[in-house]
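Chain by chain, the residues run as shown.
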Amino acid sequence: LTRATVKTGLFKRRMIHVARRFGALEKWADFSNVSLQRLLKSFEGTPIFEEALKEVFLKDLDVERLVQVLEKIRLGEITVQKVETRGTATPVARVGIERVSMKTDLIPPERMRAVLVESARARLLNETCVFVCTNCWSYADMIRVKDLPAKPKCPKCGSEAIGLLKEEEEKVLPLIEKRGEKLTKSEEKLRRQAVQTARLIEKYGKAAAVALCARKVQPSDVKEVLEKSSHLDDKFYELVLEAERKAISKRFW
Ligand SMILES: [Zn+2]
């Protein structure tokens, strides 16, 4: 019975609950990257495994009834009848099979979505980028996106045309020293990026900066996101994640 039990979704679910309670798993550990099977294997022989097993027997399985049924089968009060269905499960069996596998409700899709949004929010807000004024070219600063005001402004000239560069500060400094003129090719490229991103930040403020921090996305991708949502709410982060997914998959084609 133990051997059959550890194969069920019920047991896997209990195991994860117990592991969390023991602090062996982070509350929102991302299971999509880890093979659940491997994870469970690594707990074998630990108190976590024992505890999970105990809980399945106590809370999930009706061991007493099971023994009763088996006893009745032994006494011939219940007979086992084989139904020929040519490989498909009967309706009753299907209910049983679905209950036992129960893989999908390990993390319900709704909760999974909330977890993804929450981690995107935390990741993007913690990015630090260089912000540079594309109006006077005499201001550049490293700022954590979280600390930006809703409408970033240049402290030197008051312009809202603040560009965002995902670069080291020293690579951006020549733009300031040369006031955006007589640039080398790579500096010219940075200048163009700053001007492009400044257009978005000028129009949409902090939300533009947050979206621009997403991986691999181009200003044109960010523009699409911002046209649909420019408030830092769940929908916004979902759109950013979607844009990120698209941008990353494009790279492979
Ligand atoms: Zn300025």
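A few points on the structure.

What counts, and at which threshold
- Residues numbered from 1 in each chain as written.
- Predicted model: local features only at pLDDT ≥ 70, side-chain atom pairs only at ≥ 80, totals over all residues.
- Heavy atoms only, no water.
- Donors = N, O, S within 2.8 Å, 3.2 Å for Na, K, Ca; no water.
- Tetrahedral: all angles 85-135°; square planar, octahedral: opposite > 155°, others 65-115°.
- Phe/Tyr/Trp six-rings, centres within 6.5 Å; stacked < 30°, edge-to-face > 60°.
- Buried < 20%, exposed > 50% of the residue type's maximum accessible area, 1.4 Å probe, protein only.
- Helix = DSSP H or I, 4+ residues; strand = E, 2+ residues; numbered from the N terminus.
- Contact = heavy atoms within 4.5 Å.
- Patch = residues over 30% accessible without salt bridge, like charges linked within 9 Å, V, L, I, M, F, W, Y side chains within 5 Å.
- Areas by Shrake-Rupley, 256 points an atom, 1.4 Å probe, with all protein chains shown as cover.
- Salt bridge = Lys/Arg side-chain N within 4 Å of Asp/Glu carboxyl O.
- Pairing = 2+ DSSP bridges.
- Axes fitted to C-alpha atoms, helices over the stretch in contact; angles between N-to-C directions.

### Here we look at the coordination of the zinc ion
At step 1: Surrounding the zinc ion are the protein donor atoms Cys133 (SG), Cys136 (SG), Cys154 (SG) and Cys157 (SG), which sit 2.2 to 2.3 Å from the metal.
At step 2: One can describe the site at the zinc ion as tetrahedral: its four donor atoms subtend angles covering 108 to 112° at the metal.
At step 3: For the zinc ion, all donor residues lie on one chain, and their spacing in sequence is C-x2-C-x17-C-x2-C.

### Points about the packing of aromatic side chains
At step 1: Using the criterion set out here, one finds one aromatic pair in the structure.
At step 2: Both rings, one in phenylalanine 236 and one in tyrosine 237, keep their centres 5.2 Å apart while their planes meet at 80°; by these two values the pair is edge-to-face.
At step 3: Among the residues examined, phenylalanine 236 registers a relative accessible area of 0% and is labelled buried.

### Examining the environment of valine 210
At step 1: Checked against the element boundaries, valine 210 lands in helix α10 (residues 206-212).
At step 2: Separated by 89 residues in the primary sequence, valine 210 and arginine 121 place their C-alpha atoms 8.8 Å from one another.
At step 3: Filtering out sequence-adjacent residues up to four positions away, valine 210 remains in contact with Leu124, Leu125, Val145, Leu232, Phe236 and Tyr237.

### Quick word on a nonpolar patch on the surface
At step 1: A surface patch of nonpolar side chains, amounting to about 590 Å² of accessible area, comprises Leu1, Leu66, Val69, Leu70, Ile73, Ile78 and Val80.
At step 2: Taking relative accessible area as the criterion, valine 69 reaches 38% and is therefore assigned partly exposed.

### Observations regarding the sheet that holds strand β1 (residues 128-133)
At step 1: Reading across the sheet, the three strands line up as β2-β1-β3 and stay open at both edges, with antiparallel pairing between neighbours. At either end of the open sheet lies a strand with only one pairing partner, and these are β2 (140-144) and β3 (162-165). Between one strand and the next, the sheet's axes are offset by a mean angle of 35°, whatever the strand orientation.
At step 2: Direction of pairing for β1 relative to β3: antiparallel, over a ladder of four bridges.

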